[in-house]
Amino acid sequence: MTRRSKILGCGSYLPERVVTNAELTKTVDTSDEWIVERSGIRQRHIASDGQFTSDLALKAAERALEHASIKAENVDMVIVATTTPDNTFPATATKVQHNLGMTTGAAFDIQAVCSGFVFALSVADNMIKGGQADTIVVIGAETFSRILDWEDRGTCVLFGDGAGAVVLQASPDDVPNEDTITAQGILSTHIHSNGSSRDLLYVDGGPSSTQTVGHVRMVGREVFRHAVTNLANIVGETLDAHGLHSDDIDWLVPHQANKRILDSTARKLGISADRVVVTVDRHANTSAASIPLALDEAVKDGRIKRGDLVLMEAMGGGLTWGSGLVRW
Ligand code: UT7
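These lines cover the structure that appears in this document, whether it is placed above or below. This structure is a prediction, so every number in the text was calculated from the model and none was measured.

**Quick notes on the sheet that holds strand 12 (residues 309-316)**
- A sheet is described by the order of its strands in space; here four strands give the open sequence 8-13-12-11, paired in mixed fashion. Each having just a single partner strand, strand 8 (185-193) and strand 11 (251-254) make up the two edges of the open sheet. When the angles between neighbouring strand axes are averaged without regard to direction, this sheet yields 15 degrees.
- Here four bridges tie strand 11 to strand 12, and the two strands are oriented parallel to one another. Across the sheet, W251 pairs through a bridge with V310, a residue of strand 12.
- Packing against the sheet, helix 7 (residues 220-241) makes contact with strand 8, strand 12 and strand 13 (320-327), and its axis sits at approximately 145 degrees to strand 12.

Next comes the structure, spelled out in structure tokens:
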């Protein structure tokens, strides 16, 4: 019997502290007008001192488990997508596993920057299909504020902190082949990377190279150009894999980097703005956390309903890019 991964529930968490563009202008040479016009961002949440990525991840995971009506003791894998782990090692996921009260199973991190959540979803889906796990919590969690150079106005105004999570569980894939598109669960995931463009978006430090943590560096305009192309391509690849048209998609849940990228991708694909979930205005770019944060918002406010076809897509440093198609 083949298996399919169903998403049983989702959850998210944003740190309490909200920093508006106006507040940033007190310390950074920028303006609300520039940030809104170039990125669509109006505010971001910033973790408090002593609040770590694992703390945000734990809260999101607890909320997702509650939404899914699953107890942590019944989870057998925790995967955290993050670029801002609490420590170089051990994996942040092991701390989340422990804080959830789990004493069995496996926990590990995935590093694909802003594409981290779709990469983690892809790994989890294949773990379930391969029979290596039955119930997996997939989390995207970041304290990106900790790796920003607050004197680099080209990057520091764009990012925020947060976490989102989903609970996947194996279910028998008992629908006939011709009906697979109607079956509930993850229909497919698609992931790519191209290391030749890694200098466009990176952190200028690391344990092996500088023995420091480093700060985010980005050639914004070039990343923008790649994002528009790669995201349109990945959506096309996903639709083609199922013989679908963009009209078949009920909800596009994109990585939230820049409102102009979201609009451009939707326009290219002919997806109307009212079918795109947008949080970038309030959350800014939360890297691996942005998709599950947006997903959770749209599920909890009733926009995404059971049976809807949901397409997630992301692009990030590496460069990495990917998608996940889900029948909610
Ligand atoms: O999540 C991973 C993927 N990341 C992305 O997808 C981000 C992709 N890139 C972007 O979103 C955009 O490129 C940015 C929002 C980063 C920048 O927008 P842009 O339209 O590409 O602007 P730019 O970098 O070309 O800069 C235009 C001008 C420059 O001034 P000059 O050289 O034209 O005089 C910058 O110095 O804007 C200036 N600038 C700022 N001005 C006010 C850059 N940052 C700021 C700022 N406030 N914060």
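**Considerations on the nonpolar core**
- In this structure, F144, V157, M315 and L325 are the most contacted members of the largest nonpolar core, which totals 41 residues.
- Counting only elements with at least two residues in this core, the list comes to helix 7, helix 8 (259-269), strand 12 and strand 13.
- The biggest single contributor to this core is helix 7, with six residues.
- Those residues in contact with F144 that lie beyond four places of it in its chain are T83, T84, V113, F159, G160, D161, V216 and S287.
- Ranked by size, the runner-up nonpolar core spans 36 residues in total, among them F117, A120, A298 and W328.

**Topic: the pairing of strand 7 (residues 161-172)**
- Within strand 7, nine of the twelve residues are buried, which leaves the element mostly enclosed by the surrounding structure.
- Here strand 1 (residues 3-13) runs beside strand 7; their pairing, made up of ten bridges, is antiparallel. Bridge pairing links Y13 to A163 in strand 7.
- Where strand 6 (residues 135-143) meets strand 7, nine bridges bridge the pair, whose relative direction is antiparallel. Of the residues in strand 7, the one forming a bridge with V137 is V167.

**Some words on the pattern of salt bridges**
- With the rule as written, the count across this model stands at 15 salt bridges.
- In this structure, K129 and D125 form a salt bridge, with 2.9 Å as the shortest nitrogen-oxygen distance. Remark: D125 and K129 occur in helix 5 (residues 116-129); sequence separation between them is four residues, near one turn of the helix.
- According to the relative accessible area criterion, D125 is buried, its value standing at 1%.
- In this structure, D281 engages R282 in a salt bridge whose closest nitrogen and oxygen atoms are separated by 3.5 Å.
- In this structure R282 comes out as partly exposed when scored by relative accessible area, which is 29%.
- Through salt bridges with shared partners, one network takes in D281, R282, E297, D301 and R303.

**Some details on the site of the ligand**
- Inspection of the region around the ligand gives 22 residues, with T30, R38, R221, N258 and N285 positioned closest.
- R38 places a side-chain nitrogen or oxygen 2.8 Å from an oxygen atom of the ligand.
- The protein chains hide 74% of the 960 Å² of surface that the ligand would expose on its own.
- Of all the secondary-structure elements, those providing two or more residues to the shell around the ligand are helix 2 (32-39), helix 6 (153-156), helix 7 and helix 8.
- The leading source of residues in the shell around the ligand is helix 7, at four residues.
- Classifying every residue of the shell around the ligand by side-chain character gives eleven nonpolar, six polar and five charged.
- Looking at which domains feed residues into the shell around the ligand, each of domain 1 (3-172) and domain 2 (178-327) supplies at least three.

Scoring rules and cut-offs
Residues numbered from 1 in each chain as written. Predicted model: local features only at pLDDT ≥ 70, side-chain atom pairs only at ≥ 80, totals over all residues. Heavy atoms only, no water. Pairing = 2+ DSSP bridges. Helix = DSSP H or I, 4+ residues; strand = E, 2+ residues; numbered from the N terminus. Axes fitted to C-alpha atoms, helices over the stretch in contact; angles between N-to-C directions. Contact = heavy atoms within 4.5 Å. Core = buried A, V, L, I, M, F, W, Y, C linked by side-chain atoms within 4.5 Å. Buried < 20%, exposed > 50% of the residue type's maximum accessible area, 1.4 Å probe, protein only. Salt bridge = Lys/Arg side-chain N within 4 Å of Asp/Glu carboxyl O. Near = heavy atom within 4 Å. Polar contact = N/O pair within 3.5 Å; in protein donor to acceptor, adjacent residues only side chain to side chain. Areas by Shrake-Rupley, 256 points an atom, 1.4 Å probe, with all protein chains shown as cover. Nonpolar A, V, L, I, M, F, W, Y, C, P; charged D, E, K, R; others polar. Domains from an automatic or database assignment.

Just distances and angles here, no functional claims.
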